[in-house]
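# Secondary and tertiary structure notes
Okay, here's what each chain looks like letter by letter:
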Amino acid sequence: MLDEYEISRYDRQIRLLGVEGQEKLKNATVLVVGAGGLGSAVLTYLAYAGVGRLIVVDREYVELSNLNRQILYKDSDIGKPKAMVACEKIKEIYPKIQVECYNRAFDREFGEKIVKIADVVVDALDNWDDRLLLNELCVKYGKPMIHAGVEGWYGQITTIIPGKTPCLYCIRPLRQTRRSDVRNPLPVIGVTPGVLGALQAAEAIKLITNTGHPLYGRLLIVDLYSMEFRSIEIKRNPRCPVCGSIS
Ligand SMILES: [Zn+2]
């Protein structure tokens, strides 16, 4: 049940989602893996939207070069664990929100425990090894996963429903993009993960409240350089080793 404060706070979106929709958000648990550029945007918007419980996983520490795009952090956070700072910021947005923060790598052992307790999973990662592991666990536990990736002025996003839509393995790049590292970082304009992270938050709100048309079987490609957005149809691979045997 929403209290009077919540009815007032979320008045503008209750007009779209109904009180029941807002209650669904309040009762939802969203796992966000990665608290970088995408994670900063998606966590901020989900906290403002009134999602009741957020789980944040990130093993990195805030660095100066993060501060063109990772909008949860500021200069005084440099050297602190991102997951912990992210949780402090989320609490400032809405003190009643439940947050669980894990300053650790996303590996199989941990993923097995954490994915199954989420209602919706957000891939805010920056590398395909971890993404494909997250995808595999979401398929295993039947959890919806909202994937996004960014580089430069470009981004892509799709929403995966195991057994219904292509999984990430079905559409993985044949030549995997390299992992961004300290010596050779991927270039990125700060707003790119901001836009894609906001789109991920919109998809999460739609999934939780059963509203609108999520990106099922569609990959939205965002090109902020030429300011063109287009979605392409994507298909399941019936021989996919991850999702091919489930329906
Ligand atoms: Zn698949």
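One structure accompanies this document, and this report is about it. Nothing here was measured: the structure is a model prediction, and the numbers come from that model.

### Here's the deal with the coordination of the zinc ion
Protein coordination at the zinc ion comes from Cys-167 (SG), Cys-170 (SG), Cys-240 (SG) and Cys-243 (SG), with a distance range of 2.3 Å. Because the angles between the four donor atoms bound to the zinc ion fall within 96 to 121 degrees, the donor set is best described as tetrahedral. Each donor residue of the zinc ion lies on the same chain, and together they follow the pattern C-x2-C-x69-C-x2-C. Residue Cys-240 shares its accessibility class with Cys-243, and that shared class is buried.

### What about the packing of aromatic side chains?
Summed over the entire model, instances satisfying the criterion amount to four aromatic pairs. Aromatic side chains Trp-153 and Tyr-225 sit 5.8 Å apart centroid to centroid with 65 degrees between the ring planes, which places their arrangement in the edge-to-face category. Residue Trp-153 is found in the loop between strand E5 (145–151) and strand E6 (154–160), and its partner Tyr-225 is found in the loop between strand E7 (218–223) and strand E8 (228–233); the two are separated by 72 residues along the sequence. Since its relative accessible area comes to 32%, Trp-153 is described here as partly exposed. Here Tyr-225 falls in the exposed class, since its relative accessible area comes to 61%.

### Considering helix H4 (residues 82–93)
The first and last C-alpha atoms of H4 sit 16 Å apart over twelve residues, in line with the 16 Å expected at 1.5 Å per residue. The complete set of buried residues in H4 reads Lys-82, Ala-83, Val-85, Ala-86, Cys-87, Lys-89, Ile-90 and Ile-93. Looking at the buried positions of H4, the neighbouring elements they touch are helix H1 (4–9), helix H3 (37–49), strand E2 (53–57) and strand E3 (98–102).

### Some words on the nonpolar core
With 46 residues, the main nonpolar core has Val-30, Val-32, Leu-43, Leu-46 and Leu-54 as its most contacted residues. Ignoring sequence-local partners within four residues, the contact set of Leu-54 consists of Val-30, Leu-43, Leu-46, Ala-47, Ile-90, Ile-97, Gln-98, Val-99 and Glu-100. Of all hydrophobic cores here, the second largest spans 25 residues; its members include Ile-55, Ala-118, Leu-137 and Cys-170.

### Comments concerning the sheet that holds strand E4 (residues 120–123)
If you walk across this open sheet you meet the eight strands as E3-E2-E1-E4-E5-E6-E7-E8, and the pairing is mixed. With one partner strand each, in any of the chains shown, E3 and E8 form the two edges of the open sheet. With strand direction ignored, the average angle separating the axes of adjacent strands in the sheet is 15 degrees. Pairing between E6 and E7: four bridges, direction antiparallel. Paired with Ile-157 across the bridge in E7 is Leu-220. Across the sheet, H4 touches E2 and E3, and the angle it forms with E3 is around 170 degrees.

### A few points about the environment of Val-222
Along the polypeptide, Val-222 turns up in strand E7. Under the relative-accessibility criterion, Val-222 is labelled buried at 0%. Those residues in contact with Val-222 that lie beyond four places of it in its chain are Trp-153, Tyr-154, Gly-155, Val-195, Leu-196, Leu-199, Glu-228 and Phe-229.

### Considering the pairing of E2
Of all five residues in E2, four are buried, a share of seventy percent or more. Each parallel crossover has a hand, and the one from strand E1 (residues 29–33) via H3 to E2 is right-handed. Pairing between E2 and E3: five bridges, direction parallel. Considered in E3, the bridge of Arg-53 is made with Gln-98. As a crossover connection, the stretch from E2 through H4 into E3 is right-handed.

### Comments concerning the packing of H3 against helix H7 (residues 191–209)
With their axes 7 Å apart at the nearest point, H3 and H7 run at an angle of 40 degrees to one another. Judged by the angle between their axes, H3 and H7 are oblique. Between H3 and H7 lies a crossing of right-handed hand. Contacts from Gly-37, Leu-38, Ala-41, Val-42, Tyr-45, Leu-46 and Ala-49 in H3 reach Pro-193, Gly-194, Leu-196, Gly-197, Ala-198, Gln-200, Ala-201, Ala-204 and Ile-205 in H7.

Procedures and definitions
- Residues numbered from 1 in each chain as written.
- Predicted model: local features only at pLDDT ≥ 70, side-chain atom pairs only at ≥ 80, totals over all residues.
- Heavy atoms only, no water.
- Donors = N, O, S within 2.8 Å, 3.2 Å for Na, K, Ca; no water.
- Tetrahedral: all angles 85-135°; square planar, octahedral: opposite > 155°, others 65-115°.
- Buried < 20%, exposed > 50% of the residue type's maximum accessible area, 1.4 Å probe, protein only.
- Phe/Tyr/Trp six-rings, centres within 6.5 Å; stacked < 30°, edge-to-face > 60°.
- Helix = DSSP H or I, 4+ residues; strand = E, 2+ residues; numbered from the N terminus.
- Expected span 1.5 Å × (residues − 1).
- Contact = heavy atoms within 4.5 Å.
- Core = buried A, V, L, I, M, F, W, Y, C linked by side-chain atoms within 4.5 Å.
- Pairing = 2+ DSSP bridges.
- Axes fitted to C-alpha atoms, helices over the stretch in contact; angles between N-to-C directions.
- Right-handed = clockwise from strand over helix to strand, strands pointing away.
- Parallel < 35°, antiparallel > 145°, perpendicular 65-115°, else oblique.
- Left-handed = near helix turned anticlockwise from the far one by under 90°.

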